[in-house]
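Coordinate analysis (summary)
Residues per chain, in single letters:
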2 protein chains.
Amino acid sequence: MNLAFIGYGNVGQGLTEILLLKQQELEDYYGFSFSIVAVATLHKGSVYAEEGLDGGTLLNHIRAGGHLSTLTQGIKDFGVHDIIKNSNADVILELSYTDFKDGEPACAYVREALNCGKHVVTSNKGPSLFHHHEFSKLARDNHLVYGFEGTVMSGTPVVKTALKCLAGCRIDRIRGIWNGTTNFILSEMESGCSFQGAFDEARRRGYVEADAAADVDGWDATAKAIILANSVMGGHVTISDVVREGIAGIDATMVSQALQEQSRWKLVGDIIRTNHGFNVQVSPVKLPYADPLAQINGTANGLIFETDLLGSVSISGPGAGRIQTGYAILSDLLTIKHL
Amino acid sequence: MNLAFIGYGNVGQGLTEILLLKQQELEDYYGFSFSIVAVATLHKGSVYAEEGLDGGTLLNHIRAGGHLSTLTQGIKDFGVHDIIKNSNADVILELSYTDFKDGEPACAYVREALNCGKHVVTSNKGPSLFHHHEFSKLARDNHLVYGFEGTVMSGTPVVKTALKCLAGCRIDRIRGIWNGTTNFILSEMESGCSFQGAFDEARRRGYVEADAAADVDGWDATAKAIILANSVMGGHVTISDVVREGIAGIDATMVSQALQEQSRWKLVGDIIRTNHGFNVQVSPVKLPYADPLAQINGTANGLIFETDLLGSVSISGPGAGRIQTGYAILSDLLTIKHL
């Protein structure tokens, strides 16, 4: 399977690490083998090698701060458009950062790739946030995979669980904690930090998005709520439909007061199917300890599917991380392999 | 898809209810349509109708205490062997009770069905408890499905999550609560019941297996531990490898003492991959409230997969129930449909 990376930050590097580590195992158990044929980055150039790049060399070069133009192998400055149109890639991996305004340029890349007969796997929330139904239909019509497991809760398989493992159930509600940064901040505040202190610690650990408002003001959680509503509940929800409130209004007094009441403040996403559509809300909620979501602490994520046939089914796991999100991409690649 | 039922108790009836309720939806969304061509029971006879039985009539007849010999439609006394060998069934549903000694006669039925080119879906723990690798290989070699989602945690999709959604991860440990009856008894004891009082309440509600020791002495949990070890972790574990202890030794004093220590007694299954194989244990463990498994109360079930790439991923949901286990069967039928 020939892979082309658009964006080569944490997720792309994490995936490469996994692929190198598990090369033999993936071939033995899943008949999966790969070749990295192209990489395009925003600030470090791009490279294309029909015969495949050496993954270890690529990883070391980038991690040492190298520019792709100085890589020994491959054709340099082969742009994204050329990679999509004129490379021998089978799969385009859209692993760049989410744009919350209109999802571009990722959406244009995804559309072009699917139209060119290439599978797409993405951890970028833009494409499914703005055009989920278009891209999943385009993929279906062209017998391709449009994989987006990595857009929600990193590699914790919530999308696959909903679509494959709960097939035949109607999901009536999804309630959960799916922004790890705010959950980390709120957990830190429970140990006595101020909001600012907790935020600084989150930033120090690299949890905060480039645009901090994406986390703190609930944009990231809103995007994931929309992706879940539209992809696994069949909704047609847009940003303006979501009632959104971030955690900036939660102060240390409120957090310690909640603890005295055996409760915890959490940024909760809540998607409810109604007779007329969906009610979607992202807001801080004071959850009693007995609520299963109150046990999701630090950077962990978790959600509860309310279904017609099974009642509540909960899943929790990592919400972020280089290897964890890299794995989400691998899991979609294995879906392509077994198409 | 032509279905033949072996055993027509709660699970078979639950599945029939779902199929009747969702007939149109299953056809529209999954292209799935079905015909019930045969039913064989232990005490109420058997019936075969090549053209398909009316599901509603069958369900009402059985629920009114009727014998299959008095059903208007179909050939009567068409035995299990004939159903497997000489019917037009595509799928054999093995939904009879688990035999913990050798899994018979279910294992013989499953083997014969797979050898005859028929898919098998089962909620009976016997086949995977005693011959998991044989049956999954036989199915693979014959391009058939051997579905056993319903053997562990009813319709909560633990088997599919492990096999499909965590593909590419190595599962190093599974720790969980997967016997609803004992969990219900322990939860009742926390509200002040004696062991006997809680047990009687569980029996009154229909939670206790025909053979009460299967639950209380940990046999049911042991069977599920073995199925998980062998099916999703690639083990070759047998009953004699499991360190097993039931909940009969847990008395009211221990339960209330634990609560004072912010802990709960739970019957915990624990499967650990080692360098030499697997350590498998089923035993009562006093879990502090902070342990995610301590929050699994009543008849609910839950487990934690420890994986190499994602760390901990937890899933919880119903552990039993007519509709819930019926759904497990449906989910395997949808796998067959999309083979």
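Presented here is an overview of the structure given in this document. (Residues numbered from 1 in each chain as written. Chains lettered and ligands numbered in written order. Predicted model: local features only at pLDDT ≥ 70, side-chain atom pairs only at ≥ 80, totals over all residues. Heavy atoms only, no water.)

**Some points on the overall build of chain A**
The condition is simple: Secondary structure elements follow DSSP: runs of H or I of four or more residues count as helices, runs of E of two or more count as strands, with numbering from the N terminus. Throughout, exposure labels follow a simple rule: accessible area from a 1.4 Å probe, protein chains only, divided by the maximum for the residue type, with under 20% read as buried, over 50% as exposed, and the rest as partly exposed. By definition, residues are in contact when any of their heavy atoms lie within 4.5 Å. Throughout, the Shrake-Rupley method with a 1.4 Å probe supplies accessible areas, and for residues the shown protein chains are the sole cover considered. A positive count includes Lys and Arg, and a negative count includes Asp and Glu. His and the chain ends are not counted in either. In this description, the location of a charge corresponds to atom NZ of lysine, CZ of arginine, CG of aspartate or CD of glutamate.
A count of helical and extended segments in chain A gives 13 helices and 13 strands. Reported as C-alpha extents along the three principal axes, the dimensions of chain A are approximately 60 × 45 × 40 Å. Going through the 339 residues of chain A one by one, you find that 59% of them count as buried. If you take every contact in chain A between residues at least 6 apart in sequence, the share linking residues at least 24 apart comes to 70%. Taken as a whole, chain A presents about 13200 Å² of accessible surface, with 49% of it coming from carbon and sulfur. Side chains of chain A give 27 positive and 37 negative charges; the mean places of these two sets differ by 2 Å.

**Concerning unusual backbone geometry**
The phi torsion of most residues other than glycine is negative, and most of the peptide bonds are trans. Residue and element names in this part refer to chain A. The peptide bond linking Glu104 to Pro105 adopts the cis configuration, its omega dihedral lying at 0 degrees. Of note, Pro105 is situated in the loop between strand 5 (91-94) and helix 5 (106-115). The phi dihedral of Asp77 is positive, around 55 degrees, even though this residue is not glycine. For Asp77, the location among the structural elements is in the loop between strand 4 (75-76) and helix 4 (80-86).

**Considering the interface of chain B and chain A**
Selection criterion: Accessible area, probed at 1.4 Å, shrinks when two parts are joined; the buried area is that loss added up over both. Here, a salt bridge means any side-chain nitrogen of Lys or Arg that lies within 4 Å of a carboxyl oxygen of Asp or Glu.
In this complex, chain B contributes 32 residues to the contact, which on the side of chain A involves 33 residues. Counting the surface lost from both chain B and chain A, the interface buries some 2600 Å², and carbon and sulfur atoms represent 63% of this. Among the residues of chain B in contact with chain A, Leu309, Leu310 and Tyr327 of chain B are the three that bury the most area, contributing 24% of the side total. Its salt-bridge partner being Asp308 of chain A, residue Lys22 of chain B comes within 2.5 Å of it at the nearest N-O pair.

**Thoughts on the environment of Ile315 of chain B**
Note on placement: Ile315 of chain B falls in strand 13 (residues 311-318). Residue Ile315 of chain B is classed as buried on the basis of its relative accessible area, which comes to 2%.

**Overview of the pattern of salt bridges**
All names here are of chain A. For the coordinates displayed, the defined rule picks out 38 salt bridges over all chains. Between Asp291 and Arg175 there is a salt bridge; the shortest N-O distance is 3.0 Å. With Asp291 in the loop between strand 11 (278-288) and strand 12 (300-307) and Arg175 in strand 8 (residues 171-177), the pair connects residues that are 116 residues apart, well separated along the chain. By the burial criterion, Asp291 is buried, and Arg175 matches it.

**Looking at the relation of the copies chain B and chain A**
For the record, the criterion: When the copies are superposed, the least-squares fit takes in the C-alpha atoms of residues with a pLDDT of at least 70 in both.
Mapping chain B onto chain A leaves a residual RMSD of 0.0 Å; the transformation is a rotation of 180 degrees accompanied by 0.0 Å of translation along its axis. On this basis, the relationship between the two copies can be described by a two-fold rotation axis. Relative to the rotation axis, the C-alpha of Ile315 of chain B is the closest in chain B, positioned 2.2 Å from it. Same-surface contact between copies: 100% of interface residues of chain B are shared with the interface of chain A.

**Quick notes on the packing of helix 8 (residues 180-190) of chain B against helix 9 (residues 195-204) of chain B**
All names here are of chain B. What counts here: Only the stretch in contact is used when fitting a helix axis, every axis being a line fitted to C-alpha atoms; angles between N-to-C directions are given from 0 to 180 degrees. Angle categories: roughly parallel below 35 degrees, roughly antiparallel above 145, roughly perpendicular from 65 to 115, and oblique for all the rest. Note on convention: the crossing is left-handed when the near helix lies turned anticlockwise from the far helix by less than a right angle, right-handed when the turn is clockwise.
Where helix 8 contacts helix 9, the axes come no closer than 9 Å and their chain directions differ by 130 degrees. In terms of axis orientation, helix 8 runs oblique to helix 9. Judged by the twist between their axes, the crossing of helix 8 over helix 9 is right-handed. Side by side, helix 8 and helix 9 meet where Thr181, Phe184, Ile185, Glu188 and Met189 of the first sit next to Phe195, Ala198, Phe199, Glu201 and Ala202 of the second.

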